[in-house]
Amino acid sequence: MKIAFSKPQTPKKGAVVVFADQNKNAPRLLACALAFDKTLGGAIKRAMGASRFKANAGQTLVVLAPGKGSISRVIVVGLGKGSEVKDLVAEQAGGVATAQLGASGDERAAVLVEVPKGCKLSIAELAAHVGVGARLRSYRFDKYRTTEKKENKPALDRLDVQVPATAMAASGRLFRRLDAVAGGVFSTRNLVSEPANVIYPETLAREARKLSRLGVKVEVLDEKKMKKLGFGALLGVGMGSARPPRLVVMQWNGASAKGKKAAPVAFVGKGVTFDTGGISIKPSKGMEDMKWDMAGSGVVIGLMQALAARKAKVNAVGIVGLVENMPSGRAQRPGDIVKSYSGQTIEVLNTDAEGRLVLADALWYCQKRFKPQFMVDLATLTGAIIMALGAHHAGLFSNNDKLSDQLLDAGKAMDEKLWRMPLGKAYDRQIDSKAADVQNISSGGGAGSITAAQFLQRFVNDVPWAHLDIAGVSWSGKDAPTVPGGGTGFGVRLLDRLVADHYEGS
């Protein structure tokens, strides 16, 4: 779908999107919408009066255009109180409008943008955020649906966002920056949505290599190289699979000349491209969902794309450990002891607690080679975090209050919410092993997400570090205003905002 910014003019054909805010809790069309309504003989106001439309943020009303003109329908989108209209509300408006248009069969639509009273956004900002909200909601993963009827597919091909001529350039600039990040979100959604017979360690590494087109330096460590380095924890996970593991290192060096040699910020992703549980095999019901156990790596790849596409003024490193966890005669067994890249030995009591083994080697490699300002890892690590937080927050664990606060703020700003969970010596003692330096699951039961994070903390030393357990938020079974059901891409916009707010140079 093409999104364009054009000068205001009375639409003559297609669908039209207009906005309404709340005036003393009553719906009120914005001025440009009122002017357009006059050309329709007041049909919009009559429809509003005859409905339960209150102009709440994200609420919509569909009005079939009267008369013999070429206007097909009008989508009225509520913004809520003008003083509460911020960037996320604007994105939500663009998203819900696109959802309605996608269901209508219209090929083209015009959006009449106006800043409501009390709103602190400029017209250019409002328009750009409406546009990127529409872009995010337009996503579909339908490449394998070969028999879907044309009438069941969204027909919307172009969205014209109308802004004053004086704001068109600014709208376009901001939209391009936002759209670069949306492109990273789309890449993550695509990778997470692909089946495991298409995306496995070798092919996921191949997808990451494509970032070199944007100026990202990409290295791929194969099994032989990792054996030489001593990646015993990561390699142990992949022993049962016919698909050899990979470690991908992505570097974006975008800092200004003044900060060219600055230590990078670092992001590490779990990339278990399919997780059967290994010898500790999972139940068959729902196992198909384990194609997205690589979501953490998908987020890191999408983030590196976003940073490069918008030419972020930062040095950033992305590392993803890619394995497939399968049962076979060669697979790792419960009770095995492996030696990690750090030199610490790990007793593997449960082969289904494999993501932390992958991250252990990746985190140690990251800090040893790059000496980053901080490390943030992302992983669909535990089912326990879903029990604790459901699908509304990702779990945040950290050894650094400053980094935690920055992540929490970025999550709120992007509506990708985090909830900080505890760490502590009492939890850490639960993963002490009698046979090795550490065991990969708790001996005491309970607090599964916390003890998993405690395990990871043993491989970060004193580097500021945060672990995001995204098991509950990487996939959604229902639509949200800017996130269609399926792979969400949760984390790309959050981490881009973290970088933009705190770590980019001038």
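Above: the structure in question.
Residues numbered from 1 in each chain as written. Predicted model: local features only at pLDDT ≥ 70, side-chain atom pairs only at ≥ 80, totals over all residues. Heavy atoms only, no water.

Looking at the sheet that holds strand S13 (residues 345–348)
The condition that has to hold: Criterion used throughout: strands pair if DSSP finds at least two bridges between them. Put simply, DSSP marks the helices as runs of H or I at least four residues long and the strands as runs of E at least two long, and each gets a number from the N terminus on.
Read across the sheet, three strands follow the order S12-S13-S17 without closing on themselves; strand pairing throughout is mixed. Since the sheet does not close on itself, it has two edges, and those belong to strand S12 (336–339) and strand S17 (438–439), each with one partner. Two strands pair when backbone bridges link them, and S13 and S17 are joined in this way by two bridges, in the parallel orientation. Following the sheet pairing, Glu 347 is matched in S17 by Gln 439.

Describing the packing of helix H5 (residues 165–193) against helix H9 (residues 295–309)
Here is the rule: For helices, the fitted line uses only the C-alpha atoms of the stretch in contact; every axis is such a line through C-alpha atoms, and the angle between N-to-C directions lies from 0 to 180 degrees. Our angle categories are set so that under 35 degrees counts as roughly parallel, over 145 as roughly antiparallel, 65 to 115 as roughly perpendicular, and the remainder as oblique. For any helix crossing, the convention is left-handed if the near helix is rotated counterclockwise from the far helix by under a right angle, and right-handed if that rotation is clockwise. Any two residues whose heavy atoms approach within 4.5 Å are treated as being in contact. Each residue receives one of three labels: charged for Asp, Glu, Lys and Arg, nonpolar for Ala, Val, Leu, Ile, Met, Phe, Trp, Tyr, Cys and Pro, and polar for the others, Gly being one of them.
In the contact formed by H5 and H9, the axes pass within 8 Å of each other and the chain directions differ by 155°. Viewed along their axes, H5 and H9 adopt a mutual orientation that is roughly antiparallel. By crossing handedness, the relation of H5 to H9 is classed as right-handed. Note on element contacts: H9 touches H5 through Ala 295, Gly 298, Val 299, Ile 301, Gly 302, Gln 305, Ala 306 and Ala 309, opposite Ala 180, Val 181, Gly 183, Gly 184, Ser 187, Thr 188, Leu 191 and Val 192. Here the residues of the contact of H5 with H9 sort into nine nonpolar, seven polar and no charged.

Examining unusual backbone geometry
You will see that Asn 25, though not glycine, has its phi angle at about 70°, which is positive. Locating Asn 25 in the fold gives a position in the loop between strand S2 (13–23) and strand S3 (26–29). Phi angles above zero are rare outside glycine, and Ala 55 is one such case at about 65°. Looking at the secondary structure, you find Ala 55 in the loop between helix H2 (43–49) and strand S4 (60–64).

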